[in-house]
Amino acid sequence: EQGFQFSFTNTPGALCNVYGTTNLSIPLTNWDWLGEATEISPGQFQFSEALRTGKAARYFHVMSP
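Residues numbered from 1 in each chain as written. Predicted model: local features only at pLDDT ≥ 70, side-chain atom pairs only at ≥ 80, totals over all residues. Heavy atoms only, no water.

Q: So what exactly am I meant to see when it comes to the sheet that holds strand S2 (residues 17–21) here?
A: Adjacent strands of a sheet pair through backbone hydrogen bonds, lying either parallel or antiparallel. Spatially, the three strands line up as an open sheet ordered S3-S2-S6, and their pairing is antiparallel. A strand with exactly one partner marks an edge of an open sheet, and here the two such strands are strand S3 (32–36) and strand S6 (59–63). Geometrically, the sheet is characterised by an average inter-axis angle of 30 degrees between neighbouring strands, direction not taken into account. Here S2 runs beside S6; their pairing, made up of five bridges, is antiparallel. Paired with Thr21 across the bridge in S6 is Tyr59. (Pairing = 2+ DSSP bridges. Helix = DSSP H or I, 4+ residues; strand = E, 2+ residues; numbered from the N terminus. Axes fitted to C-alpha atoms, helices over the stretch in contact; angles between N-to-C directions.)

Q: Just to check I follow, could you spell out the sheet that holds strand S5 (residues 44–49) for this structure?
A: Strand order in this open sheet of three strands is S1-S5-S4, and the pairing throughout is antiparallel. In the strand order of this sheet, the two ends are held by strand S1 (4–9) and strand S4 (38–41), each with one partner. Neighbour-to-neighbour, the strand axes of the sheet open up by a mean angle of 35 degrees, direction not taken into account. Looking at chain direction, S4 and S5 are connected through three bridges and run antiparallel. Bridge pairing in S5 links Ser41 to Gln44.

Q: Would you mind showing me how to read the environment of Thr9 here?
A: Considering the arrangement of structural elements, one finds Thr9 in strand S1. Of the residues examined, Thr9 reaches a relative accessible area of 60% and is grouped as exposed. Sequence spacing of Thr9 and Pro42 is 33 residues, and the spatial spacing of their C-alpha atoms is 8.9 Å. If near-sequence neighbours (up to four positions away) are discounted, Thr9 is found in contact with Gly43, Gln44 and Phe45. (Buried < 20%, exposed > 50% of the residue type's maximum accessible area, 1.4 Å probe, protein only. Contact = heavy atoms within 4.5 Å.)

Everything listed here is a matter of geometry and, on its own, says nothing about what the molecule does.
Okay, here's the thing in structure tokens:
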């Protein structure tokens, strides 16, 4: 089973929360919290989501306090 995965860089040890929505017109405060990205090496982060068969495209946003 495949899904969607993306990687990004940030400060090593940072907390990176991932949010998602299917509707870009709603405020970010109404997006769904999907979880935390995993730090796979210092400063290199990755997030994976399981396959969402039959669902609308989802948009992602990463926030780091």
